[in-house]
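Residues per chain are reported as follows:
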Amino acid sequence: MKYRRLGEWGLKLSEIGFGSWLNFNRQGQDLATKLHRVAYENGINFFDTANVYGRGRTEVLVGEAMAPFRRDTYVLATKVYWPLDPDWPFPEANDRGLSRKHIVEQCEASLKRLNTGYIDIYQCHRFDDNAPLAETCRAMNDLADQGKILYWGVSEWTAEQITEAVALCDDHGWHRPVSNQPLYNMLERHWEAEVFPACARLGMGIVNFSPLAEGVLTGKYNNGIPAESRAGKPKTAEFIKARLTEDNLNRVRKLAELATGLDVPLATLALAWCLRRPELTSCIIGASREQQIVENVKATDLHLDEDVQERISAILGE
Ligand SMILES: NC(=O)c1ccc[n+]([C@@H]2O[C@H](COP(=O)([O-])OP(=O)(O)OC[C@H]3O[C@@H](n4cnc5c(N)ncnc54)[C@H](OP(=O)(O)O)[C@@H]3O)[C@@H](O)[C@H]2O)c1
């Protein structure tokens, strides 16, 4: 495993991070414990979750899974924004967003669920148009001053939003956001043109999510939908279905041929392709099986030379 600095900050993350969205809520603690252990033993030191995953339950599973390991040997990230209890017993106005109230209350709740004294990176899961940006930045700053979080970051914010947040923090002497977590993979590159340069300019690290497009970039959907896959199970198919377009699958079939010619799994190639970008700190993968983690961490040893990068660009239609 290789480690990269988070932007201009001192924190170092493994080039492959491990996330806990979708894979554990139904299967439970045994699988969560096993996969987090395999990730840790393969050199992954960056673990990502969110308060909303399983409506709080996933944080409990992650906390329990990481309990055997020395706290200083891994970086734990979670998030705040989405409502946790949207139907209780009526939609509650403050159970969402980035107000000081919701951020502080959810931080306390996440610390308890994760059973930890501090969160390494506390992330705004989305931008909140209904809260002043200064209120959000100050709440994050205060949590950092109190030692409840060490760093804070954002997810899916635009270049403009990130730039404004950093300027506000600098004006007030508040802790700046240190990371951005955008969707980024071979098939979904809409943040590349503006957000990547903005993060680099502002010294923020990029930790991209769904680097395998939820598994599409493993080639497993090239000839239909396997029953034992995220798209094959009704409860997890919601987001991935939109990715299974003929256009995407045609490109993935060509990428799979290229990977076969290079004698590497397509997943490894797809992750190494993300890691070619120096602005990127860590690709946050998901996994439903041990073997997927073992295969995916090998991406950190795969260097893509110019010829391979050009062949990939040709397939992606750049
Ligand atoms: N900030 C946000 O809004 C946001 C949104 C989404 C995700 N995230 C974070 O990013 C993490 C990763 O997202 P993701 O799960 O979509 O990532 P991903 O790595 O793109 O997809 C993971 C899925 O692909 C399949 N897979 C992975 N490696 C494989 C391999 N080698 N061979 C075959 N199949 C393989 C597995 O699905 P099956 O085996 O089940 O088919 C696995 O669960 C999440 O856990 C979460 O922490 C954040």
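Quick notes on the rules
- Residues numbered from 1 in each chain as written.
- Predicted model: local features only at pLDDT ≥ 70, side-chain atom pairs only at ≥ 80, totals over all residues.
- Helix = DSSP H or I, 4+ residues; strand = E, 2+ residues; numbered from the N terminus.
- Rg over C-alpha atoms; globule rule 2.2 N^0.38 Å.
- Contact = placed C-beta atoms within 7 Å.
- Axes fitted to C-alpha atoms, helices over the stretch in contact; angles between N-to-C directions.
- Parallel < 35°, antiparallel > 145°, perpendicular 65-115°, else oblique.
- Left-handed = near helix turned anticlockwise from the far one by under 90°.
- Nonpolar A, V, L, I, M, F, W, Y, C, P; charged D, E, K, R; others polar.
- Near = placed C-beta within 6 Å.
- Pairing = 2+ DSSP bridges.
- Buried ≥ 20, exposed ≤ 12 C-beta atoms within 10 Å, placed from the backbone.
- Right-handed = clockwise from strand over helix to strand, strands pointing away.

**A word on the overall build of the protein chain**
Point 1. A count of helical and extended segments in the protein chain gives 10 helices and 10 strands.
Point 2. Expected size for 318 residues packed as a compact globule is a radius of gyration near 20 Å; at 19 Å, the protein chain falls within 12% of this value.
Point 3. Seen through its C-alpha atoms, the protein chain measures out along the principal axes to roughly 55 × 40 × 40 Å.
Point 4. A separation threshold of at least 6 residues defines the contact pool for the protein chain, and within that pool the share at least 24 residues apart is 79%.

**Section: the packing of helix H7 (residues 246–262) against helix H10 (residues 306–316)**
Point 1. Interaxial distance between H7 and H10 falls to 9 Å at its minimum, and their mutual angle equals 160 degrees. On the basis of their axis angle, the class for H7 and H10 is roughly antiparallel. For the pair H7 and H10, the sense of crossing is right-handed. Taking contact as the criterion, the partners of Arg 251, Lys 254, Leu 255, Leu 258 and Leu 262 in H7 are, on H10, Val 308, Arg 311, Ile 312, Ile 315 and Leu 316.
Point 2. Tallied by class, residues from the contact of H7 with H10 come to seven nonpolar, no polar and three charged.

**What about the site of the ligand?**
Point 1. Close to the ligand lie 29 residues, the nearest being Gly 19, Trp 21, Phe 209, Gly 215 and Gly 286.
Point 2. The set of elements that each furnish at least two residues to the shell around the ligand consists of strand E10 (280–285) and helix H9 (290–296).
Point 3. For the shell around the ligand, the leading source of residues is H9, giving three residues.
Point 4. Split by residue class, the shell around the ligand holds nine nonpolar, 14 polar and six charged.

**A closer look at the packing of helix H5 (residues 159–172) against helix H6 (residues 195–202)**
Point 1. Packing of H5 against H6 brings their axes to within 9 Å, and their N-to-C directions diverge by 15 degrees. By the angle between their directions, the pair H5 and H6 is classed as roughly parallel. Note on packing geometry: the crossing formed by H5 with H6 is left-handed. Between H5 and H6, the contacting residues are Ala 159, Ile 162, Thr 163 and Val 166 on the first element and Val 195, Ala 198, Cys 199 and Leu 202 on the second.

**Focus: the sheet that holds strand E9 (residues 205–209)**
Point 1. Spatially, E3-E4-E5-E6-E7-E8-E9-E10 is the arrangement adopted by the eight strands of the closed barrel, whose pairing is parallel. When strand polarity is set aside, the average angle formed by the axes of neighbouring strands in this sheet is 30 degrees.
Point 2. By the bridge criterion, four bridges tie strand E5 (residues 75–80) to strand E6 (residues 119–124) in an arrangement that is parallel. Residue Lys 79 lies in a different strand from E6, and its bridge partner there is Gln 123.

**Looking at unusual backbone geometry**
Point 1. We note that Leu 22 has phi near 70 degrees; this positive angle belongs to a residue other than glycine.
Point 2. Residue position: Leu 22 is located in the loop between strand E3 (16–19) and helix H1 (29–41).
Point 3. Taking the number of C-beta atoms within 10 Å as the measure of exposure, Leu 22 has 20 and is therefore buried.
Point 4. For Arg 55, which is not a glycine, the phi torsion comes out positive at approximately 50 degrees.

**What about the pairing of E3?**
Point 1. Because side chains alternate across E3, one face comprises the buried residues Ile 16 and Phe 18, and the other comprises Gly 17 and Gly 19, equally buried.
Point 2. By the bridge criterion, three bridges tie E3 to E10 in an arrangement that is parallel. Counterpart to Gly 17 in the pairing with E10 is Ile 284.
Point 3. Relative to strand E4 (residues 46–48), E3 runs parallel, the two being bridged by two bridges. Looking across to E4, one finds that Gly 19 is bridged to Asp 48.
Point 4. A crossover connection joins E3 to the parallel E4 through H1; in handedness this β-α-β unit is right-handed.

**Some points on the environment of Glu 15**
Point 1. With respect to the helices and strands, the residue Glu 15 is situated in the loop between strand E2 (12–14) and E3.
Point 2. In the structure, Glu 15 is positioned 127 residues away from Asp 142 in sequence and 29 Å away in space, judged by C-alpha atoms.
Point 3. Residue contacts for Glu 15: discarding those within four places in its chain leaves Met 1, Lys 2, Arg 4, Leu 275, Ser 282, Cys 283 and Thr 300.

Fair warning: the whole summary comes from geometry, so function is off the table for now.
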